[in-house]
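Coordinates in review
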Amino acid sequence: MATLARLQARSTSVAHQYYYRNSVVDIFQKKENDAAVKIQSWFRGCQVRAYIRYLHRVATIIQKQWRGYLGRQHYQLIVKLAYYTMKMNLYNAMAVRIQRRWRGYKIRKYCFNYFYLKEYLKAISETNDAVREALEEFAEMKEREEKKADLEREEKKRDYQARKMHYLLSTKQIPGIYNSPFREDPDPWELRLQQAKPLTHQRPKVKPKYCVSLSSWLACTSARSFPRSGILPPIDRKRCQGPFRDVSEVWEQRYKPLEPTLRVAEPMDGLKEARAQLQRQEWTRNVNDNMFLPFSSYHKNKKYIPTMHLSSKYGPDAYGSQHFRDENPKKWICDKDFQTVLPSFDLFSKYGKLYSKAGQIV
């Protein structure tokens, strides 16, 4: 009982001590909890950083292996290209060497062969000598023929002269001028005159006079004024040599058709026809056929149609504009200026002619 009484007496102090210790434990528990959280966060951060370092190291190894593989592939490709280039250069060099040797051999054998060229020049010189001898013989033959022809012409001329002077031949009664009594031997012309025949003069033929009757005139003029197709010449007949024209051309020139004068060829009403043609041409050139009446009320209800050469897709041009197309920088699409090929006056005249031709065609 005493023990129970002691415990009951000490119960209040135990309760106070219990609550005090619990309150102290709560304060230290929060500090311990914060310290544990900080330790766990530091440890987990170290773990994550170590894992990240491991991942970085592994990724670096993978990238290193992959880049090494790509580098080796690229290097192999470069080596293959270099080998192919070197091989092609070698082949080209060998081909150039073969071509050089072959061309040198061909040039030395066929083009610049000394012995062949020597024989060729020797053959050419022999051929030239033969041709020169043949030409000299031909020239001598021509010269002999010309001398012979000259002698024949001189002989014919002397024969003709002897025939003309045959009347100077000496006779028994009268000696000739060449048979002089003071000569011991007769003159050669005397002998030629004895051998020649006298030249007879032919009398000119008298042409018969034409009758002037109507039947003969018709018979003479029908074949000439109205030429018909004549009889064909024989096949074996040769054409006359010389500067002769064709018979049809001569007849066409001789009997050409009538060419009347301008006064006879022009009609009587030529002036009227010319005026009518001029009016038709003006009518085709006009773009607007409406008649202009000088009254302000007449054109009030009609729409104004601008002329073709004063309007364009850029807008109508003002009256009295200097250029065919005025340059308005406000209407330009870009800031670049136009490059004119022709001057403004030539351009206006050119397009004016084109529009006038278009009006005539319409």
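Reading the values: rules and limits
- Residues numbered from 1 in each chain as written.
- Predicted model: local features only at pLDDT ≥ 70, side-chain atom pairs only at ≥ 80, totals over all residues.
- Heavy atoms only, no water.
- UniProt positions renumbered as here; feature names shortened; annotations may be inferred.
- Salt bridge = Lys/Arg side-chain N within 4 Å of Asp/Glu carboxyl O.
- Helix = DSSP H or I, 4+ residues; strand = E, 2+ residues; numbered from the N terminus.
- Buried < 20%, exposed > 50% of the residue type's maximum accessible area, 1.4 Å probe, protein only.
- Axes fitted to C-alpha atoms, helices over the stretch in contact; angles between N-to-C directions.
- Parallel < 35°, antiparallel > 145°, perpendicular 65-115°, else oblique.
- Contact = heavy atoms within 4.5 Å.
- Nonpolar A, V, L, I, M, F, W, Y, C, P; charged D, E, K, R; others polar.

An unreviewed UniProt entry annotates the protein chain as Spermatogenesis associated 17 originating from Balaenoptera musculus. According to its UniProt record, the protein chain has this under Subcellular location (unreviewed entry): "Cytoplasm".

Under the counting rule described, the total for this entry stands at 6 salt bridges. Salt-bridge contacts for Asp129 lead to Arg132; the nearest nitrogen and oxygen are separated by 3.0 Å. With Asp129 and Arg132 both in helix 2 (residues 114-164), this residue pair falls 3 residues apart, about one helical turn. For Asp129, a relative accessible area of 40% puts it in the partly exposed group. Among the ionic pairs, Glu143 bridges to Lys147, the shortest N-O distance being 3.7 Å. A residue pair is termed a helical-turn pair when its members lie 3 or 4 positions apart in one helix, as Glu143 and Lys147 do in helix 2 at 4 residues. By relative accessible area, Lys147 is classed as partly exposed at 49%. Each member of the salt-bridge network shares a partner with another, and the members are Glu155, Arg158, Asp159 and Arg192.

With that settled, consider the packing of helix 2 against helix 3 (residues 188-195). One can describe the packing of helix 2 onto helix 3 by two numbers: an axis separation of 9 Å at closest approach and a directional angle of 75°. In terms of orientation, helix 2 lies roughly perpendicular with respect to helix 3. Along the contact surface, helix 2 presents Glu155, Arg158, Asp159, Gln161 and Ala162, while helix 3 presents Trp189, Arg192 and Leu193. When the residues that make up the contact of helix 2 with helix 3 are grouped by side-chain class, the tally is 3 nonpolar, 1 polar and 4 charged.

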